[in-house]
Amino acid sequence: MFKLALVAALSAGVAYSVTVPLTVVRRDDDSAFPSPSVTRNITGGDPYAFVNVDTYFYCATIYVSGTPFIVQVDTGSSDLLLDTANQILSNTINTGIGGVLAYGDGSMVAAGNITLADVTWGAFTVHNQAWVDAPNSNVTVPGLFQGVLGIGPPSSARLLTQITAVGASAQVNGYAFLDHVFSSDPEAPNIITFHLARNEYGLADGGELTIGEINQTYSAISSTPQLPTILEEHWATTVDAVVVSGFPITKKDINSSASVNGWNGVLDTGTPTFTAPWPIIEAIYGSLPGAHPNTDRPYKTYDLPCDTKINVSMIIGGVEYPIHPIDLIISEIGDDGNLKCTGAIEYVPGLEADVEMILGTTFLRNVYSLYDFGSWARAGSTPPFTQLLSITDQDQAWAEFDRMNEARLKDLINSNQDDEDTSTSSLKSGTSAAPNDKVDAAGALGDRDASDVDLSGIIRNTYIIMGLLGLIIALLIALAVVIVLKGKKAQKYARVNFREPAAESKPFTFTDVDRPSAEYTTPYSEGES
């Protein structure tokens with residue numbers, strides 16, 4: 001799993017070790033924790049619940065102590081991590097060992113205690129499976145998936161390494177989920193296979209995954225070349241050439257001093273795009289009308305017209321694998337609300353020196369892939385290898401691109417409009433968390449379209465109306481005072497007895513009727529009627 005900048009929410013990476021302090025809390029009797037065991041479950045349909053999430057991520061549902069988690073299925077790493085924030089799990093064992101999993105360029109880190117629990121995925125339950133309990137990890141994407149299930153080479157498993165580093169390997173079994181599954185039936189093939197499907201818009205649409213068997217729809221994969229793994233920690237093979245519009249480009253074509261004529265390419269279901277050296281990306285997109293390098297992204301690619309259509313294929317093991325044109329362009333709604341399209345092949349700096357290409361789902365949607373663990377699994381003895389079967393017809397893909405692309409762009413526009421309509425509906429109904437004049441005013445407009453609403457004008461008019469109301473109220477109060485005073489003059493009050501003014505005081509000049517007094521009695525004083 002590699003970290004890529006597809007959109008802000010997309011995150012992926014290939015696991016590699018980082019230097020961190022590790023601790024272990026030993027049991028008083030120094031005895032081992034419960035050992036893993038495997039149970040085969042009886043299931044029907046698709047036992048692995050392999051689906052897409054947010055149109056880019058291929059995920060599955062696993063159960064940890066009976067609690068479901070949506071996890072990204074990742075051939076680029078080997079460990080299981082879960083973000084357990086807001087989850088309360090029962091029947092788990094905290095080993096007291098700190099586990100750290102780093103992904104991509106090291107900025108994505110899952111840290112927490114190594115925990116044991118029963119983990120069920122499809123047809124298999126591994127009891128006392130080790131995993132990292134990492135609440136609020138930045139590796140997962142809240143609301144999309146809550147963990148990563150690594151199914152890569154065991155040599156990339158970090159938990160086993162970290163458990164060994166603190167001298168706890170006798171206490172805790174840190175092997176990966178698939179390794180336990182393969183060890184439970186040594187006679188079964190140590191293989192997994194993937195068919196990553198796309199929908200009518202060219203976006204991720206689940207697919208099929210098998211463990212220990214081949215999907216018979218794609219049984220022809222058995223006769224395709226076995227591609228030896230060329231890197232110890234990755235499902236990597238040699239990419240012989242990249243074919244752009246019918247012209248093959250080799251490594252020596254862009255670097256005459258290269259010692260070999262192919263690139264190391266990692267097959268990674270956890271990467272939602274495709275990475276390559278910049279000269280390859282220039283060769284693919286650079287000469288297209290309207291294309292220009294995008295310098296605003298952390299990973300370089302090209303901004304493209306949204307109707308860009310191009311033929312690209314990969315030659316691996318002497319076999320050409322076409323990539324559907326719909327997979328070579330990413331369409332999204334930008335921050336300004338307008339359509340934005342970019343190349344799905346990116347240049348990513350800072351990867352491991354021996355990783356030159358990452359063949360993510362941009363490529364893998366075009367093949368049925370098989371991964372044979374061989375001796376990488378404890379139960380195996382043969383060399384590990386991969387096999388690929390092309391499932392994209394280049395001519396058909398070219399012919400159907402315009403229809404698919406138009407449907408995808410319309411769907412994006414409609415989805416964005418639906419989001420705006422939802423926001424407007426909330427505004428009209430006055431259901432915001434904090435009531436305010438704008439919401440109340442908009443709610444009073446009933447069925448008027450949101451685009452016709454001038455909230456600033458409404459507020460300005462509200463202030464004018466309030467001012468007029470205030471003036472009217474003031475006039476009414478003044479009128480009431482005048483009426484009361486006139487009424488008082490007409491009433492027959494008892495005569496008021498005045499005190500004689502002090503000798504030094506200036507005598508009043510008012511008439512007796514109007515003369516004010518500092519001391520008086522009212523008609524309602526005691527003894528009066």
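Residues numbered from 1 in each chain as written. Predicted model: local features only at pLDDT ≥ 70, side-chain atom pairs only at ≥ 80, totals over all residues. Heavy atoms only, no water.

Visitor: Help me get a handle on the overall build of the chain, residues and values and all.
Guide: In terms of regular secondary structure, the chain is built from eight helices and 27 strands. Expressed as a percentage of its 529 residues, the buried residues of the chain come to 45%. Restricting the contact set of the chain to residue pairs at least 6 apart, pairs at least 24 apart contribute 69%. (Helix = DSSP H or I, 4+ residues; strand = E, 2+ residues; numbered from the N terminus. Buried < 20%, exposed > 50% of the residue type's maximum accessible area, 1.4 Å probe, protein only. Contact = heavy atoms within 4.5 Å.)

Visitor: A description of the state of the cysteines should follow, citing residues and the corresponding values.
Guide: Inspection of every chain in the model, using the stated rule, returns one disulfide. Disulfide pairing is shown between Cys 306 and Cys 341; the S-S distance is 2.0 Å. Residues Cys 306 and Cys 341 share a disulfide whose torsion about the S-S bond is about 105°; that sign makes it right-handed. With Cys 306 in the loop between strand 19 (301–303) and strand 20 (312–316) and Cys 341 in strand 23 (residues 339–343), this residue pair connects regions lying 35 residues apart in the sequence. Exposure class is identical for Cys 306 and Cys 341. Each is buried. (Disulfide = S-S within 2.5 Å.)

Visitor: Give a detailed account of the pairing of strand 27 (residues 385–390), specifying residues and quantitative values.
Guide: Taken across its six residues, strand 27 has five buried, putting it largely inside the fold. Direction of pairing for strand 13 (residues 227–228) relative to strand 27: antiparallel, over a ladder of two bridges. The partner of Pro 228 across the bridge, within strand 27, is Phe 385. Relative to strand 27, strand 26 (residues 367–372) runs antiparallel, the two being bridged by six bridges. Following the sheet pairing, Ser 369 is matched in strand 27 by Leu 388. (Pairing = 2+ DSSP bridges.)

Visitor: How would you sum up helix 4 (residues 278–285)? Please name residues and give values.
Guide: Taken residue by residue, helix 4 has Trp 278, Ile 280, Ile 281, Ile 284 and Tyr 285 as its buried positions. All buried residues of helix 4 lie within an arc of 155° about the axis, which places them on one face of the element. (Arc of directions from axis to C-beta.)

Visitor: So, the side chain of Asp 79: which residues are in play, and what are the values?
Guide: Along the polypeptide, Asp 79 turns up in the loop between strand 5 (67–74) and strand 6 (80–82). No salt bridge is formed by the buried Asp 79. Its closest oppositely charged neighbour is Arg 158, at 6.0 Å. Within polar-contact distance, the side chain of Asp 79 engages the backbone nitrogen of Arg 158 at 2.6 Å. Not counting residues up to four positions away in its chain, the partners in contact with Asp 79 are Leu 101, Val 148, Leu 149, Gly 150, Ser 156, Ala 157, Arg 158 and Leu 159. (Lys, Arg positive; Asp, Glu negative; His and termini not counted. Salt bridge = Lys/Arg side-chain N within 4 Å of Asp/Glu carboxyl O. Polar contact = N/O pair within 3.5 Å; in protein donor to acceptor, adjacent residues only side chain to side chain.)

Visitor: Provide a residue-level description of the pattern of salt bridges, including the pertinent values.
Guide: Counted by the stated rule, this structure contains eight salt bridges. A salt bridge links Arg 365 to Asp 327, with the shortest nitrogen-to-oxygen separation between them at 3.0 Å. Within this pair, whereas Arg 365 is found in the loop between helix 5 (361–364) and strand 26, its partner Asp 327 is found in the loop between strand 21 (319–323) and strand 22 (329–333), the two being separated by 38 residues in sequence. Two residues, Glu 406 and Lys 410, come together in a salt bridge whose shortest N-O distance is 3.2 Å. On the criterion of helical spacing, the pair formed by Glu 406 and Lys 410 is a turn pair, its members being four residues apart in helix 6 (residues 394–429). On the basis of relative accessible area, Lys 410 is assigned to the partly exposed category, the value being 47%. Within this structure, Arg 198, Asp 327 and Arg 365 form a network of salt bridges that share partners.

Visitor: Give me the nonpolar core: which residues, what numbers.
Guide: Counting residues in each nonpolar core, the largest one holds 73 residues, and the members touching the most others are Ile 62, Trp 121, Ile 211, Met 314, Met 357 and Phe 363. A per-element tally of this core places helix 4 first, with five residues. Apart from residues no more than four positions distant in its own chain, Met 314 is found in contact with Val 239, Ala 241, Val 242, Phe 274, Val 319, Glu 320, Tyr 321, Ile 323, Met 357, Leu 359 and Phe 363. (Core = buried A, V, L, I, M, F, W, Y, C linked by side-chain atoms within 4.5 Å.)

Visitor: So what's going on with the packing of aromatic side chains? Residues and values would help.
Guide: In this structure the tally under the stated criterion is ten aromatic pairs. Plain terms: the ring middles of Trp 278 and Tyr 302 are 5.4 Å apart, the flat faces sit at 5° to each other, and that makes the pair stacked. Linking Trp 278 in helix 4 with Tyr 302 in strand 19, this pair joins segments that are 24 residues apart in sequence. The pair formed by Trp 278 and Tyr 302 is uniform in burial state, with each residue classed as buried. Seen from their ring centres, Tyr 285 and Tyr 302 are 6.2 Å apart, and the 40° between their planes marks the pair as tilted. Of this pair, Tyr 285 sits in helix 4 while Tyr 302 sits in strand 19, and the two are 17 residues apart along the sequence. In this structure Tyr 285 comes out as buried when scored by relative accessible area, which is 0%. (Phe/Tyr/Trp six-rings, centres within 6.5 Å; stacked < 30°, edge-to-face > 60°.)

Visitor: Kindly report on unusual backbone geometry, identifying the contributing residues and their values.
Guide: The residue Asn 86 is not glycine, and still its phi comes out positive at about 65°. Turning to its location among the elements, Asn 86 is positioned in the loop between strand 6 and strand 7 (93–103). Overall, Asn 86 belongs to the exposed group, its relative accessible area being 83%. One non-glycine residue with positive phi stands out, namely Asn 128, at about 60°. Mapped onto the secondary structure, Asn 128 falls in strand 9 (residues 124–133).

Visitor: Give me helix 1 (residues 158–165): which residues, what numbers.
Guide: Each α-helix turn comprises 3.6 residues. Residues three or four places apart therefore point the same way. Buried residues of helix 1: Arg 158, Leu 159, Gln 162 and Ile 163, and no others. Projection of helix 1 onto a plane perpendicular to its axis shows the buried side chains occupying an angular sector of 130°, all on one side.

Visitor: Describe the environment of Asn 416, listing the residues and the values that go with them.
Guide: Locating Asn 416 in the fold gives a position in helix 6. Spatially, the C-alpha atoms of Asn 416 and Glu 332 are 9.8 Å apart, while their sequence positions differ by 84 residues. In contact with Asn 416, not counting residues within four places along its chain, are Ile 333 and Gly 337.

Visitor: Which residues make up the confidence of the model for the chain, and what are the values?
Guide: Averaged over all residues, the pLDDT of the chain equals 76, while 69% of them reach at least 70. Segment residues 484–529: pLDDT under 50, and 20 contacts once partners within four positions in sequence are set aside and those in other chains are kept. (pLDDT = per-residue confidence, 0-100.)

Visitor: Tell me about the side chain of Ser 78, residues and numbers included.
Guide: Tracing the backbone shows Ser 78 in the loop between strand 5 and strand 6. Within the local environment of Ser 78, its side chain forms a polar contact with the backbone oxygen of Gly 152, the two atoms lying 3.0 Å apart. The contacts of Ser 78, once residues within four sequence positions are left out, are Gly 150, Ile 151, Gly 152, Pro 153, Pro 154, Ser 156, Ala 157 and Ala 176.

Visitor: Kindly report on the environment of Leu 227, identifying the contributing residues and their values.
Guide: Mapped onto the fold, Leu 227 is located in strand 13. Judged by relative accessible area, Leu 227 falls into the buried class, the value being 6%. In this structure the C-alpha to C-alpha distance between Leu 227 and Ile 316, which are 89 residues apart in sequence, comes to 8.5 Å. Leu 227 has contacts with Thr 237, Ile 316, Gly 317, Phe 385, Thr 386 and Leu 388, leaving out every residue within four places of it along the chain.

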